[in-house]
Amino acid sequence: MSIAATTARPTVVQHTTLGPITLSASPQGLTRLRLGRTAPAAHDPRPEPAGAEHALLEQAVAELGEYLLGRRTTFTVPVDLSGVEPEHRRVLDELCAIGYGHTRSYGELARAAGLTEDGPRRAGAACARNPVLLVIPCHRIVSAGGALTGYAGGLPVKKALLALERGQFPLDADDLSGLAG
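Residues numbered from 1 in each chain as written. Predicted model: local features only at pLDDT ≥ 70, side-chain atom pairs only at ≥ 80, totals over all residues. Heavy atoms only, no water.

Labelled according to an unreviewed UniProt entry, the protein appears under the name Methylated-DNA--protein-cysteine methyltransferase, originating from Pseudonocardia autotrophica.

Q: Looking at this model, I keep getting lost on the environment of Y151. Mind explaining?
A: Checked against the element boundaries, Y151 lands in the loop between strand 5 (141-142) and helix 5 (155-165). Considered as a pair, Y151 and R140 are 11 residues apart in the sequence and their alpha carbons are 9.7 Å apart. Among all residues touching Y151, those that are not within four sequence positions of it are L35, L133, L134, C138, H139, V157, K158 and L161. (Helix = DSSP H or I, 4+ residues; strand = E, 2+ residues; numbered from the N terminus. Contact = heavy atoms within 4.5 Å.)

Q: Please explain the layout of surface pockets as it appears in this structure.
A: One simple way to see leftover space: roll a probe sized like a water molecule over the atoms. If you add up the space inside the largest pocket, you get close to 260 Å³. Together, 18 residues line the largest pocket, and F75, C96, V135, I136 and P137 are the ones closest to its centre. Residue composition of the lining of the largest pocket, grouped by class: 12 nonpolar, three polar and three charged. Within this model, the second largest pocket holds a volume of roughly 220 Å³. Together, R9, T31, R32, R34, D80, S82, G83, V84, R129 and P131 line the second largest pocket. (1 Å grid on protein atoms, 1.4 Å probe; cavity = no way out; pocket = protein on both sides within 12 Å on 5 of 7 lines; lining within 4 Å. Points joined across faces, edges and corners; volume = space filled by probe spheres on them. Nonpolar A, V, L, I, M, F, W, Y, C, P; charged D, E, K, R; others polar.)

Q: Quick question: what am I supposed to make of helix 1 (residues 52-68) here?
A: The periodicity of an α-helix, 3.6 residues per turn, causes residues three or four places apart in sequence to face the same way. Counted at 1.5 Å a residue, the expected span for helix 1 with its 17 residues is 24 Å, and the 24 Å between its end C-alpha atoms agrees. The secondary structure elements touched by the buried residues of helix 1 are strand 1 (11-16), strand 2 (19-26), strand 3 (29-35) and helix 5. One or two steps after helix 1, the chain reaches G70, where phi turns positive at roughly 80°. (Expected span 1.5 Å × (residues − 1).)

Q: Is there a simple way to explain the side chain of N130 in this structure?
A: You can see N130 is positioned in the loop between helix 4 (119-128) and strand 5. Look at N130 and you get buried, because its relative accessible area is 0%. (Buried < 20%, exposed > 50% of the residue type's maximum accessible area, 1.4 Å probe, protein only.)

Q: Would you explain the environment of Q59 in this entry?
A: In this structure, Q59 sits in helix 1. Since its relative accessible area comes to 28%, Q59 is described here as partly exposed. Residues contacting Q59, with those up to four places away along its chain left out, are T76, V77 and P78.

Q: Where do I start with the side chain of H88 in this structure?
A: Residue position: H88 is located in helix 2 (residues 86-95). Residue H88 is classed as buried on the basis of its relative accessible area of 8%. Once you skip the residues sitting within four places of it in the chain, H88 turns out to touch A125, A126 and R129.

Set out below in structure tokens:
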């Protein structure tokens, strides 16, 4: 019997109007941004104050706060996607090309990523495995008819994020009461 070693990444939980957001980083960049607590705090170490991860997590938290207030339209924090398989990486790269306030369909995303056979489903699978929600904007993907479909953070959060990006309202506590679960 072999036991696979797992390396815990330095992690912080930031409380936001969307509820708790869990962020993890490697020395190369952000490795996870998930809505809600995705791992018990006991399993993920706090970042060392002098470490590269600490600076990256501080940058990510600051940029996230600016984004949720409607003051930031792009993220500049480095992202470490070294654990993402090549096909999913192509899809995630194409997601980054979708501008703030815009949406694309799963089919459009698949074509842009060069996925032909069963492309929309494969693009959807890559979105579902997006390790850094918001920073890589999978919330900007909609159905071919424009309907909101699937989002790891839940459809009410996806709707709120798209409304924020269209300038319809800022994400403050009063607007989002009841969205965070």
